[in-house]
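# Observations on the model geometry
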Amino acid sequence: MARLLGTLRSSQPVARFQRSCGLFPAGEEGGGSGDPAEGPRERRACNGAGALRCPAGPGRAVPGPQDHTQKYIVKNYFYYYLFKFSAALGEEIFYITFLPFTYWNIDHSVSRRMIIVWSIVMYIGQVSKDILKWPRPLSPPVVKLEMRTNAEYGMPSTHAMAATAISFSFFIATMNQYKYPLELGLVAAFVFSTLVCLSRLYTGMHTVLDVIGGALISAVLLVLLYPAWDTIDHLLLTSPFCPLFSIVVPLVLCYNYPKLDYYSPTRGDTTTILGAAAGATVGFWLNNQHAASAYTSKSVQAGFPLLSSTVGFVLARFLVGILVVLLTRWLMKSLVLGMLGYRYQFPLGDLAARRRREVEVPYKFVTYSCVGFTATVVVPLLHKLLGLL
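Residues numbered from 1 in each chain as written. Predicted model: local features only at pLDDT ≥ 70, side-chain atom pairs only at ≥ 80, totals over all residues. Heavy atoms only, no water.

Where an unreviewed UniProt entry is consulted, the chain appears under the name SGPP2 phosphatase, with the organism given as Copsychus sechellarum.

The following block contains the structure:
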């Protein structure tokens, strides 16, 4: 068992998977010879936060703004674009579009459950990385297609955790509310999470054990949270302490995030997630207190004569909503960063200052809590004014 775990934790299986999918380092454009794991040991790059201690040199990668993507050869563009797209399903661009889309066009209760599960799973995953401090795959032999997350540790894969949590919580929350073949929903959730997991191997950002560990941790958390779903949902909608709890607890968690010797984006990403969930949760509570109108299929044809189909309404809701959300994010980023710059006396372009805890946490938390609140309160009000409910 120890030997198997050691193999799954090593870089060789990742390199073999990349080669089998047609991805090679620039030095192996002829297809390479022998095992990809047989690259020279001294050329391997440091990984994780420890990489920040490694001097730049031939074959070494130092995470940070100065990084350049490693040169590589793509021999199968189907896998290249498939896994690049799949990797994006675990990024902010997916969260900021799919989760609000679910709230605006599918079902409020489904959206609430996904957001709560997503925030809990992601917090546990991010903190686990910085406690375990397992390095990412070595390069070479692995080709790394992403550089931003290279400063983070590897175990567990939070992409795998988020994909498993979101896909299966969506399936579980909808299987008793909507009529569709359960087998189809289960297969869709499995395919979605599998593609995201494989994309982390293809991009060279995680070992096989990182990915398996992330998916298993997420599955265990889903099993543990599922019996309490209805209770948590009821408390979030009806408890008078919900707004205070939703703001204070995430803030405390963010300010007490595990300290590292070197900067890692995990704290900022965790603050972003908890901030968005906090703002959305306050929005859920406020809507329930004031009996805000729900999105229903019966209202689809009534309010906007120019849109004569359900698809038209869905598209209109999404476009209006996402424009408002993106505008809110841009405005709040500028406003909050400007206020913090004035408070702590640093120029807005000072990246080192923006990474300080007293700046990064309020900057990201306030910005994304406003984004979550806007998506759940402001956008529905705008939809109502435009006749899109």
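This paragraph deals with the overall build of the chain. Regarding its fold elements, the chain presents 14 helices and two strands. Residues classed as buried in the chain amount to 51% of the 389 residues present. In the chain, the share of contacts with a sequence separation of at least 24, taken over all contacts with a separation of at least 6, comes to 78%. Total accessible area computed for the chain in this model is approximately 18700 Å², and 67% of it derives from carbon and sulfur atoms. (Helix = DSSP H or I, 4+ residues; strand = E, 2+ residues; numbered from the N terminus. Buried < 20%, exposed > 50% of the residue type's maximum accessible area, 1.4 Å probe, protein only. Contact = heavy atoms within 4.5 Å. Areas by Shrake-Rupley, 256 points an atom, 1.4 Å probe, with all protein chains shown as cover.)

What the rule picks out here adds up to one cavity of 30 Å³ or more. If you add up the space inside the largest cavity, you get close to 70 Å³. In this structure, the largest cavity is lined by Arg112, Arg113, Ile116, Val117, Ile120, Leu225, Trp229, Ile232 and Asp233. Elements supplying a minimum of two residues to the lining of the largest cavity: α5 (108-132) and α9 (229-238). For the lining of the largest cavity, the residue count by class is six nonpolar, no polar and three charged. (1 Å grid on protein atoms, 1.4 Å probe; cavity = no way out; pocket = protein on both sides within 12 Å on 5 of 7 lines; lining within 4 Å. Points joined across faces, edges and corners; volume = space filled by probe spheres on them. Nonpolar A, V, L, I, M, F, W, Y, C, P; charged D, E, K, R; others polar.)

This paragraph deals with the pattern of salt bridges. Taken as a whole and assessed by the stated rule, the structure comprises six salt bridges. Across the pair arginine 113 and aspartate 233 runs a salt bridge whose closest N-O atoms are separated by 3.4 Å. Pair noted here: arginine 113 is in helix α5 and aspartate 233 is in helix α9, with a separation of 120 residues, a long-range link. The burial state of arginine 113 is the same as that of aspartate 233; both residues are buried. Taken together, the shared-partner salt bridges connect Arg112, Arg113, Asp230 and Asp233 into one network. (Salt bridge = Lys/Arg side-chain N within 4 Å of Asp/Glu carboxyl O.)

Before going further, it helps to spend a moment on the packing of helix α10 (residues 242-255) against helix α14 (residues 357-385). Relative orientation of the contacting elements α10 and α14 amounts to 145°, with a least axis distance of 10 Å. For the element pair α10 and α14, the recorded crossing hand is right-handed. Along its contact with α10, which presents Ile247, Pro250, Leu251, Cys254 and Tyr255, the element α14 presents Arg357, Val361, Pro362 and Phe365. Its residues assigned to classes, the contact of α10 with α14 comprises eight nonpolar, no polar and one charged. (Axes fitted to C-alpha atoms, helices over the stretch in contact; angles between N-to-C directions. Left-handed = near helix turned anticlockwise from the far one by under 90°.)

Below, the discussion takes up the packing of aromatic side chains. A complete count under the given rule lists 16 aromatic pairs for this structure. Each member of the aromatic cluster is reached from another via a ring pair, and the members are Phe94, Tyr95, Phe98, Trp118, Phe170 and Phe192. One Lys or Arg, lysine 75, reaches over the ring of phenylalanine 24 and ends 4.9 Å from the middle of that ring. For arginine 343, the ring lying beneath its charged end belongs to tyrosine 344, and the centroid distance is 4.8 Å. (Phe/Tyr/Trp six-rings, centres within 6.5 Å; stacked < 30°, edge-to-face > 60°. Lys NZ or Arg CZ within 6 Å of the ring centre and 35° of its normal.)

Attention shifts here to unusual backbone geometry. Positive phi values are uncommon outside glycine, yet lysine 133 reaches one of about 60°. If you check the backbone angles, glutamine 345 has positive phi at about 55° while not being a glycine. Relative to the elements of secondary structure, glutamine 345 occurs in the loop between α12 (310-344) and α13 (351-354). The exposed category is assigned to glutamine 345, whose relative accessible area is 64%.

Note that soluble globular proteins tend to have their nonpolar side chains buried in a common cluster. Within the largest apolar cluster, 41 residues are counted, with the highest numbers of intra-cluster contacts made by Tyr95, Val117, Trp118 and Val325. Here the element with the most residues in this core is helix α6 (residues 158-174); it accounts for eight residues. Both of domain 1 (1-26 + 71-234) and domain 2 (239-292 + 308-388) provide at least three residues apiece to this core. Excluding residues that lie within four positions of it along the chain, valine 117 makes contacts with Ala165, Ser169, Leu222, Leu225 and Trp229. In terms of nonpolar packing, the next biggest core, distinct from the first, is built from 19 residues, Leu23, Val142, Cys197 and Val208 among them. (Core = buried A, V, L, I, M, F, W, Y, C linked by side-chain atoms within 4.5 Å. Domains from an automatic or database assignment.)

Turning to a nonpolar patch on the surface, a few remarks are in order. On the surface, Met1, Leu4 and Leu5 cluster together into a nonpolar patch covering about 340 Å² of accessible area. Examined against the element boundaries, leucine 4 turns out to sit in helix α1 (residues 2-9). (Patch = residues over 30% accessible without salt bridge, like charges linked within 9 Å, V, L, I, M, F, W, Y side chains within 5 Å.)

Packing of α5 against helix α11 (residues 266-289) leaves a shortest axis separation of 10 Å and a crossing angle of 160°. Viewed along their axes, α5 and α11 adopt a mutual orientation that is roughly antiparallel. Here the hand of the crossing between α5 and α11 comes out left-handed. Every residue of α11 that contacts α5 at Arg112, Ile115, Ile116, Trp118, Ser119, Met122, Tyr123, Gln126, Lys129 and Asp130 is listed here: Thr266, Asp269, Thr270, Ile273, Leu274, Ala277, Ala280, Thr281 and Phe284. Looking at the contact of α5 with α11 residue by residue, the class counts come to ten nonpolar, five polar and four charged. (Parallel < 35°, antiparallel > 145°, perpendicular 65-115°, else oblique.)

Our focus in this paragraph is the confidence of the model for the chain. In the predicted model, the chain carries a mean pLDDT of 81, and the fraction of residues at 70 or more is 83%. For the stretch residues 49-67, pLDDT sits under 50, and the model shows 37 contacts to residues farther than four places along the chain or on other chains. Under a pLDDT of 50 for its full length, residues 297-308 has, in the predicted model, 21 contacts with residues more than four places off or in other chains. (pLDDT = per-residue confidence, 0-100.)

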